[in-house]
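Structural characterization, general
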Amino acid sequence: MKPIENRPVASESLTRSPERSTLTQPARTFIDVKNVWQEYGDQVVLERLNLTVNQGEFCTLVGASGCGKSTFLRLLLGQERASRGEILLDGQPLAAEPDSSRGVVFQRYSVFPHLSVLDNVAIGLELPRARLLGRLFGRAKREAREQAAAILHKVGLGHALDKYPSQLSGGMQQRLAIAQALIMKPRVLLLDEPFGALDPGIRKDMHGLLLELWQETGVTVFMVTHDLSEGFSLGTRLLVFDKTRIDPHAPGAFGARITYDIPLNSDRRAQRAAVAALPAHITGDLQSAL
Amino acid sequence: MRLINRHPDRAGRLVLVLLPFALLLFLYFSASASRLADNPGDKLLPSATQMAAAIDRLAFTEDKRSGNYLFWQDTGASLSRLGLGIGIAALLGLCLGIAAGILPLFRAPLSPLLTVLSMVPPLAILPILFIVFGLGELAKVMLIVIGITPVLARDLEQRAREIPQEILIKAQTLGASTWTLILRVVLPQLLPRLLIALRLVLGSAWLFLIAAEAIASTDGLGYRIFLVRRYMAMDVILPYVVWITLLAWLMDLGLRQLTRLCFPWYEGAKA
């Protein structure tokens with residue numbers, strides 16, 4: 001596993017405006033968040049959110065509890081609809097319900113307790129193909145399981161294919177959840193504090209694994225985290241959510257916005273851009289290897 | 001040492017388990033013996049030999065009038081009614097529970113309805129069932145179904161709601177439709193809960209069965225008990241009660257073993 005570089009923040013340019021940092025990047029816009037507001041009744045959670053993200057970026061979302069970063073993730077997932085504004089994925093409005101274009105890993109309850117490790121991943125190949133019964137039979141089933149086993153070996157669960165999730169440690173369960181999400185080859189991977197419940201040592205391993213998978217698949221990642229150092233070390237872009245206006249008499253009157261948008265780990269970003277510049281058949285091979 | 005910290009050892013536990021049963025049997029048979037010593041014709045507390053004779057008459061001798069072995073005929077009739085009733089109720093309860101627990105559009109009309117329906121005392125509507133379905137098998141099976149379906153449905157609805165939202169969303173990101181999500185994610189997670197719920201309603205199911213058989217039937221364990229009551233035939237009633245208890249206990253045991261056998265993931269996942 002690759003060691004994680006923890007680059008000092010001071011060496012990065014620190015911009016306050018979200019627009020400026022993205023203008024300097026040559027890749028085309030993949031996700032476009034246009035003036036998004038999210039309100040629950042009187043309570044404004046997010047206000048005037050504008051953001052453009054290019055394909056293959058690794059965005060880490062940080063901020064105080066209750067400042068709307070998980071809400072933003074739910075909007076991206078399609079679990080909730082924005083009260084105002086819209087989110088475009090590749091120029092198209094985002095589907096209003098979760099679908100297979102967006103993978104997700106939650107802090108808990110990400111895997112199916114009633115399926116073995118192997119079936120937890122294979123189900124992702126079965127569900128879209130078998131609309132009637134939700135399961136494959138015969139050769140198709142065998143192939144799905146082989147494919148699932150391959151990705152499980154990759155995330156280090158090759159020895160536990162027949163176990164149930166309850167027999168796995170927390171870190172192993174999250175490895176499983178990541179494998180499960182990636183078998184769908186999603187275009188966007190959403191991580192909601194995926195390592196929040198793990199021990200520091202295990203967390204370090206998971207960071208290495210995640211970066212490795214991100215580099216191989218080229219998936220665009222949004223990761224909510226409470227751990228600021230995790231946000232700095234993993235992302236190619238750090239988004240800080242905060243309230244700019246606070247009315248002490250009405251705490252819900254103003255919502256959070258993205259107050260800092262910090263490009264990070266420029267070497268990794270450059271590496272990613274170089275990969276993106278390669279001919280499609282090479283990058284295609286890289287992706288199908290997973 | 002405080003009472004709360006004192007545990008019986010293996011042998012001690014076995015003795016403690018058997019003790020109340022042995023005590024009950026001893027009390028019964030000593031009372032029976034003393035009554036029979038006073039009056040050999042006493043029918044209230046029959047002796048073991050009298051009960052054995054009654055069982056031999058009913059279970060191992062052909063009935064002169066019908067040519068059947070009444071005990072086994074009663075058992076078969078009762079068990080088939082019970083099985084049919086519980087089976088239908090389980091299926092209905094599962095469908096209603098999933099619909100109300102997982103699909104918000106179905107929850108709105110179903111959930112309050114089930115709450116109200118489960119408050120209707122089933123025995124109070126037994127006459128209606130006899131009027132509507134006649135005095136045949138259907139009315140008896142329907143009483144069991146009506147009696148336990150709302151309870152099962154409400155329990156399974158609650159269990160279905162307890163499935164974390166994350167699981168349902170994850171399934172959607174894995175390409176599930178509503179139907180395949182129910183089939184592959186919700187249903188398998190609810191089946192062990194269904195077996196547990198069935199164990200809990202088994203007692204009520206027996207209650208409704210015996211009530212229906214007592215009122216309108218020509219065979220069945222409940223019918224026989226209420227029939228021989230007229231002759232104060234305690235030598236038949238008591239073995240029948242013991243037999244019913246044994247059957248109910250075996251069903252409970254079977255359901256528990258089935259849960260362990262079919263859903264090995266369930267025990268660990270609860271924690």
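Residues numbered from 1 in each chain as written. Chains lettered and ligands numbered in written order. Predicted model: local features only at pLDDT ≥ 70, side-chain atom pairs only at ≥ 80, totals over all residues. Heavy atoms only, no water.

Notes on the pattern of salt bridges
- This structure, assessed with the given rule, holds 21 salt bridges over all chains.
- A salt bridge links Arg74(A) to Glu80(A); the shortest N-O distance between them is 2.6 Å.
- Residue Glu216(A) pairs with Lys154(A) through a salt bridge whose shortest N-O separation is 3.1 Å. Highlighted residues: Glu216(A) in helix H6 (residues 200-217) and Lys154(A) in helix H4 (residues 138-154), separated in sequence by 62 residues.
- Overall, Lys154(A) belongs to the partly exposed group, its relative accessible area being 30%.
- One network of salt bridges, in which partners are shared, links Arg81(B), Glu137(B), Glu213(B) and Asp219(B). (Salt bridge = Lys/Arg side-chain N within 4 Å of Asp/Glu carboxyl O. Helix = DSSP H or I, 4+ residues; strand = E, 2+ residues; numbered from the N terminus. Buried < 20%, exposed > 50% of the residue type's maximum accessible area, 1.4 Å probe, protein only.)

Structural notes on the UniProt feature "transmembrane region" (unreviewed entry) in chain B
- Under the local residue numbering, the UniProt record ascribes the feature "transmembrane region" (unreviewed entry) to residues 82-106, 113-132, 193-212 and 232-251 of chain B.
- As a span, residues 113-132 of chain B carries 60% helix and 0% strand, and end to end its C-alpha atoms are 22 Å apart. (UniProt positions renumbered as here; feature names shortened; annotations may be inferred.)

Some details on the interface of chain A and chain B
- Every contact between the two is made by 35 residues of chain A and, on the other side, 24 residues of chain B.
- Applying the counting rule to chain A against chain B returns one salt bridge.
- Summed over the shared surface of chain A and chain B, the result is nine residue pairs in polar contact (both at pLDDT 80 or more).
- Counting residues per element, the ones that place at least two in the side of chain A that touches chain B are strand S6 (102-105), helix H3 (117-129) and helix H5 (170-182) of chain A.
- No other element matches the five residues that H3(A) contributes to the side of chain A that touches chain B. (Contact = heavy atoms within 4.5 Å. Polar contact = N/O pair within 3.5 Å; in protein donor to acceptor, adjacent residues only side chain to side chain.)

Some details on the domain arrangement of chain A
Residue and element names in this part refer to chain A.
- As far as domains go, chain A holds domain 1 (25-101 + 186-288) and domain 2 (112-169 + 178-185).
- On the domain 2 side, the residues contacting the 11 residues of domain 1 number seven residues.
- Between domain 1 and domain 2 lies a buried interface of about 910 Å² when both sides are counted; carbon and sulfur atoms form 79% of it.
- Three residues, Pro-186, Leu-209 and Leu-213, lead the burial of domain 1 against domain 2; their summed loss comes to 47% of the area buried on that side. (Domains from an automatic or database assignment. Buried area = accessible area lost by both parts, 1.4 Å probe.)

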